[in-house]
Amino acid sequence: MIRPELPANEPARLAALRQSQILDTSPEPAFDDLALLASVVCATRMAAVSLIDHDREWFKAAHGMQRRALARDLSFCAHAILDADRVLTVDDTWRDPRFHDHPLATDATPVRFYAGAPLVTSQGLALGTLCVFDDRPAQLSPTQRDALQALSRQAAHLLELRRLGHALDRQLRERQWYEDRLMQYSTQLEALNVELAQQTRTDPLTGLPNRRAFSEALAAAMADEARRPPATGAPLAVALLDIDHFKAINDLHGHDRGDQVLRELSARLRAQVGAPAMMARYGGEEFVLLLPGLNLEQARFQCESLRRSVALMTLSLPVTLSIGVAALQPHESAEQVIKRADQALYQAKRGGRDRVVALA
């Protein structure tokens, strides 16, 4: 095991870390959300917001692991902060001379994969990392690496806001402009929280709303429908769309080509599905469509039009869709209408694929 060196700017780095007053503080949702997002985007079991103190590594947030401290000599992140401009990736710790005999790499549940993006202040000081790791070897795609670095910049921005907040607090009784500056940084923090909330509702590969965002939109539409008088109720339909034989695309052409097909198809679907309808990625090669104001026959007709247009699209590879449609029934739950749409999708697949099936 090779112990990490000290950065050349170690005294200034530690001073900036002290000024943030974050060490040994309680968990905060904003940092927890970043760790969760990093784990989801990079497809790893574990993630953390890590800060490198004088002789320890301390975790402000942790996903899939305990929030605790670790000796700095054993810290992977202490290696990552040595180069503030890049993401340190270790595809397989057992094959890396720095970590092949590392206690964490030879543990009962070993760390086999690690990637850490430094948390860099506006002065260029790396205070820690946003890191992801797993007990299996892995590799980050360029998109995942860029996303991890983008999330680390947001974590660093939160730290910077914290430092500035403490500095402003010290000037509360001396500087009249304190309230104006505090309002400015509060606005920035609110905007950042809005951006984080948006990221938790967006699929990173396709840019479409994700399953969580769809569930919230469906619940809102059903709540709005429940408030209407019975005589003025509006119809509501849900459709599940599945790319036919998508596994074969991945097997024959590779996952990169499969991801390309998902991105291209998502862009075409987004262009064809206008408000108030909502298109979201439901998972894997499956998409979901919320159709407020349409009854079962109208929804089936729109999905049939969508299916035909997709079949005629010029994408990287030929693509067809199987679609299952269900209309919301009185006193039906969200789970029930989605289940019926899934049953209709199953019938479409069993019937030969590249077709629309609607269930009353």
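Before going into details, it helps to say that this report is about the structure given with it. If you're wondering where the values come from, they're calculated on a predicted model, not measured in any experiment. (Residues numbered from 1 in each chain as written. Predicted model: local features only at pLDDT ≥ 70, side-chain atom pairs only at ≥ 80, totals over all residues. Heavy atoms only, no water.)

1. A short note on the pattern of salt bridges
All chains considered together, the criterion is met by 23 salt bridges. Between glutamate 10 and arginine 72 there is a salt bridge whose closest N-O contact spans 2.6 Å. Taken together, the positions of glutamate 10 in helix H1 (residues 10-20) and arginine 72 in the loop between strand E3 (69-71) and helix H3 (77-80) put the pair 62 residues apart, joining distant regions of the chain. Residue glutamate 10 is classed as buried on the basis of its relative accessible area of 8%. A single salt-bridge network, built from bridges that share partners, covers Arg18, Asp24, Asp53 and Arg56. (Salt bridge = Lys/Arg side-chain N within 4 Å of Asp/Glu carboxyl O. Helix = DSSP H or I, 4+ residues; strand = E, 2+ residues; numbered from the N terminus. Buried < 20%, exposed > 50% of the residue type's maximum accessible area, 1.4 Å probe, protein only.)

2. Comments concerning the packing of helix H7 (residues 246-253) against helix H8 (residues 255-272)
Interhelical geometry of H7 versus H8 gives an angle of 135° and a closest axis separation of 7 Å. With respect to H8, the axis of H7 lies oblique. On H8, the residues touching Phe246, Ile249, Asn250 and His253 of H7 are His255, Arg257, Gly258, Val261 and Leu262. In the contact of H7 with H8, the residues fall into four nonpolar, four polar and one charged. (Axes fitted to C-alpha atoms, helices over the stretch in contact; angles between N-to-C directions. Parallel < 35°, antiparallel > 145°, perpendicular 65-115°, else oblique. Contact = heavy atoms within 4.5 Å. Nonpolar A, V, L, I, M, F, W, Y, C, P; charged D, E, K, R; others polar.)

3. Details of the environment of histidine 166
The topology assignment puts histidine 166 in helix H4 (residues 142-170). By relative accessible area, histidine 166 is classed as partly exposed at 23%. Spatially, the C-alpha atom of histidine 166 lies 39 Å from that of phenylalanine 214, the residues being 48 residues apart in sequence. Among residues more than four places away in sequence, those in contact with histidine 166 are Gln19, Ser20 and Gln21.

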